[in-house]
Amino acid sequence: MFSRQSFKGLKFSHQLGKGLNGAVRGSHLLICTIFFIASFVAGYRIDGFFSEEIYSNIEEHFSPLMGFPPSILMLAIFTNNLLKTFVAMFLGIALTIPPLLFIAFNGFLLGLIGFEVVRVSGVPFLLVGIIPHGILEIPAAILSASLGVRLGVAVLAKLRRR
């Protein structure tokens, strides 16, 4: 589905190495995308079994942020997601497991919240809430997880050669 040629035009600066050409393999990107979609579907298909309890825990955890204006809240969520995305990527050194858990957890949580939002407010409200994230944050999380998987695979290959 994806190949190195798919990313040929996308390159980071020379200080960061070869860019996406050498850093991401299509198989890693595909695996992370499948993990995200499958966990999203699993979270959504639980049909509210856990979602009410988890939703209340999330609401309680983020209640201090709810008093902020929407633009500040969006910036806080974006910053939080960015930080966690980088941490998950660099934890790929632990043989790919943390990035896969990160992407699966986020997909599952988004599915749980998605079910609750659809139940309470409907599909249009869910789409309006997800589209801003879907454009930047979700692909960035999947890409960073695939970079983490690539890092873990490289470490594993290095350990096997010893």
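Residues numbered from 1 in each chain as written. Predicted model: local features only at pLDDT ≥ 70, side-chain atom pairs only at ≥ 80, totals over all residues. Heavy atoms only, no water.

Here's the deal with helix α4 (residues 70-90)
- The end-to-end C-alpha separation of α4 is 30 Å, in line with the 30 Å expected for 21 residues at 1.5 Å each.
- Within α4, the full set of buried residues consists of L73, T85, A88 and M89. For α4, the angular spread of the buried residues around the axis is 130 degrees, confining them to a single face. The outward face of α4, more than 90 degrees from its buried face, is lined by the exposed residues L83 and F90.
- On the buried face of α4, the contacting elements are α5 (97-121) and α7 (137-161). (Helix = DSSP H or I, 4+ residues; strand = E, 2+ residues; numbered from the N terminus. Expected span 1.5 Å × (residues − 1). Buried < 20%, exposed > 50% of the residue type's maximum accessible area, 1.4 Å probe, protein only. Arc of directions from axis to C-beta. Contact = heavy atoms within 4.5 Å.)

Regarding the nonpolar core
- Among the nonpolar cores identified, the biggest contains 16 residues, and C32, F36, I103, L126, I138 and I142 are the most heavily contacted of them.
- For this core, the secondary-structure elements that each account for two or more residues are α2 (26-45), α5, α6 (123-135) and α7.
- If sequence neighbours within four positions are ignored, C32 has contacts with L100, I103, I142, A145, S146 and V149. (Core = buried A, V, L, I, M, F, W, Y, C linked by side-chain atoms within 4.5 Å.)

Remarks on the packing of aromatic side chains
- Tallied over the entire structure, the rule returns three aromatic pairs.
- An angle of 80 degrees between the planes, with centres 5.6 Å apart, marks the rings of Y44 and F115 as edge-to-face. You can see Y44 sitting in helix α2 and its partner F115 sitting in helix α5, a full 71 residues away along the chain.
- Relative to F90, the ring of F86 lies with its centre 6.5 Å away and its plane at 20 degrees, an arrangement referred to as stacked. Placement of both F86 and F90 in helix α4 is noted, with a separation of four residues, approximately one turn of the helix.
- For F86, a relative accessible area of 40% puts it in the partly exposed group.
- Residue F90 is classed as exposed on the basis of its relative accessible area of 55%.
- In this structure an aromatic cluster arises from ring pairing among F40, Y44 and F115. (Phe/Tyr/Trp six-rings, centres within 6.5 Å; stacked < 30°, edge-to-face > 60°.)

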